[in-house]
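# Structure assessment
Okay, here's what each chain looks like letter by letter:
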Number of protein chains: 2
Amino acid sequence: MQFFYQPDLSADMVTLSPEESKHCVKVLRKSCGDAIFLTDGKGTMVKAELVVADMDNCTAQIVERYENYGQRKGWFHLAVAPTKNPGRMEWLVEKAIEIGVEQISFIICDHSERERIDLKRLERIAVSALKQSNTAWLPEMNIVSFDDLLTQYASCECDKLMAWCDENNQSQLADIQFSTKSILLLIGPEGDFSPREIAMARQQQFKEVKLGDRRLRTETAALYGCCLVAAKLVGTEN
Amino acid sequence: MQFFYQPDLSADMVTLSPEESKHCVKVLRKSCGDAIFLTDGKGTMVKAELVVADMDNCTAQIVERYENYGQRKGWFHLAVAPTKNPGRMEWLVEKAIEIGVEQISFIICDHSERERIDLKRLERIAVSALKQSNTAWLPEMNIVSFDDLLTQYASCECDKLMAWCDENNQSQLADIQFSTKSILLLIGPEGDFSPREIAMARQQQFKEVKLGDRRLRTETAALYGCCLVAAKLVGTEN
């Protein structure tokens, strides 16, 4: 089963885009009367019955609605410094959505290798990952400076984690006991966070964590973080 | 720092391949007297001093040897059913090596989508991942049928895990207590393991595990498994 994406599911009749219609009729070989599933990426998942199975414009009648489909009690916000190679961020977005993430921020740090990122392209990748992975939540994505992100979270009641390569920092993410169900995880650039950024995070009581024994690339560290956080949030879904 | 790969490091003088020499002199701009690090992929890591910095054939004198560099007390053997799209196995190999894996088997299952795989190509990807990730262990890779793999492990003293999507199977990989430091993890094809294969694994006391709450693609499930196993094996490295 695969979801179709329709940002607006408020009406009871849905018309698929030409591209989605083609996929529905040509690839999935759906015909009138067949059931399809759609999501708006904002937590709504619906079952709909095809009433018009047309190559360019399929129309479906919504027969069942599921609100807050698979919503977690808390949230996971992944904040990662973009890598030089944009392709590595693309697969990170795809995999993070599959594993489960509510928000992805691309943070501009003191040691950032890359300050520009094609958010539009990443959003297209996010939508196709959303459809593939049967989740009804399209993560918010944005670009923000390290300082602004920390300011936004200054008074947020959540678990704030910063992953960096301090030899003396022995607490593994896997061993951290979360005090909430909402997690913000910061993953730095290849050059790691700057002393200034680390000091700033310490001031805001971020927990400093290690991701295993090895030095991982930025995108691998981010994915490792996604997996460990997902494992800790198991059972928090509706 | 990046390693160079040299399958044979038994002599005290090493000559790099033309390709490696070019990388050493042109990309890394190394010159005579500079130190480089090499691995044979079998646990040996050496520090060597460049004596000839030539574009086509660099020669280096080994000055320090580290045997069993970063060796874990146990091992992690990932056995995964190849996906239709070979690219997904390629990035899995790259990431698994970065995170840590001693062996990767591509298992042919009853529901396998793909029975042929370009092992040579995957070996080249493994070597470049090895160099990037500063590990001295090139994982063994092979293609094996599900039945043959289980026969090989019939009398092996290790933790045998099988990941599959059983609604009634509630034990999460994250919650499993390993009884050894050696783990075999089986990841099935998109169509999952067949009842016959599951029965066979049960006979051999495989623990059946879930990988989070969501249905993950084969390669994502495999990577999720790598991360959770790596987190459990933290501290077992030399």
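Treat the numbers as computed from the prediction; the structure is a model and nothing was measured.

Here the focus is the interface of chain B and chain A. Note on interface size: it is often stated as the accessible area lost on association of the parts. Contact residues are listed per partner, giving 29 residues for chain B and 29 residues for chain A. In total, about 2,500 Å² of surface goes out of reach between chain B and chain A, with carbon and sulfur atoms giving 53% of it. One can count 6 salt bridges joining chain B with chain A. Of the charged contacts, one joins E94(A) and R217(B) as a salt bridge, the two residues approaching to 3.4 Å between their closest N and O atoms. For the pair chain B and chain A, the interface holds 17 residue pairs in polar contact (both at pLDDT 80 or more).

Before going further, it helps to examine the sheet that holds strand β4 (residues 45-52) of chain A. Residues and elements named next belong to chain A. Reading across from one edge, β1-β3-β4-β5-β2 is the order of the 5 strands in this open sheet, with mixed pairing throughout. If you trace the sheet from one side to the other, it starts and ends with β1 (3-5) and β2 (13-15), each paired once. Averaged over all neighbouring strand pairs, the angle between strand axes comes to 45°, with direction disregarded. Sheet analysis places strand β3 (residues 35-39) next to β4, joined by 5 bridges and oriented antiparallel. Across the sheet, residue F37 finds its bridge partner in β4, namely K47. Against the sheet, helix α1 (residues 18-27) engages β1, β3 and β4, with an angle of about 160° to β1. Of the strands in this sheet, β1 and β3 touch helix α3 (residues 119-132), which is tilted by about 150° from β1.

What follows deals with the pairing of strand β5 (residues 59-66) of chain B. All names here are of chain B. Note: strand β2 (residues 13-15) against β5, 3 bridges, orientation antiparallel. Bridge assignment links M13 to a residue of β5, and that residue is Q61. Alignment of strand β4 (residues 45-52) against β5, held across 7 bridges, turns out to be antiparallel. For V46, the partnering residue across the bridge sits in β5 and is R65. Hairpin geometry of β4 and β5 is characterised by an intervening segment of 6 residues between the two adjacent antiparallel strands.

Our next topic: the domain arrangement of chain A. Residue and element names in this part refer to chain A. Here the domain parsing of chain A yields domain 1 (3-66) and domain 2 (75-232). Contacts between domain 1 and domain 2 engage 11 residues on the former and 8 residues on the latter. Between domain 1 and domain 2 lies a buried interface of about 740 Å² when both sides are counted; carbon and sulfur atoms form 64% of it. Among the residues of domain 1 in contact with domain 2, F3, Y5 and G41 are the three that bury the most area, contributing 65% of the side total. One can count 1 salt bridge joining domain 1 with domain 2. For the salt bridge of E20 with K131, the shortest nitrogen-to-oxygen distance reads 3.2 Å. Our count for the contact surface shared by domain 1 and domain 2 stands at 6 residue pairs in polar contact (both at pLDDT 80 or more). Counting residues per element, the side of domain 1 that touches domain 2 draws most heavily on β1, at 3 residues. Along the lines of polarity and charge, the residues of the side of domain 1 that touches domain 2 split into 4 nonpolar, 4 polar and 3 charged.

Conventions used here
Residues numbered from 1 in each chain as written. Chains lettered and ligands numbered in written order. Predicted model: local features only at pLDDT ≥ 70, side-chain atom pairs only at ≥ 80, totals over all residues. Heavy atoms only, no water. Contact = heavy atoms within 4.5 Å. Buried area = accessible area lost by both parts, 1.4 Å probe. Salt bridge = Lys/Arg side-chain N within 4 Å of Asp/Glu carboxyl O. Polar contact = N/O pair within 3.5 Å; in protein donor to acceptor, adjacent residues only side chain to side chain. Pairing = 2+ DSSP bridges. Helix = DSSP H or I, 4+ residues; strand = E, 2+ residues; numbered from the N terminus. Axes fitted to C-alpha atoms, helices over the stretch in contact; angles between N-to-C directions. Domains from an automatic or database assignment. Nonpolar A, V, L, I, M, F, W, Y, C, P; charged D, E, K, R; others polar.

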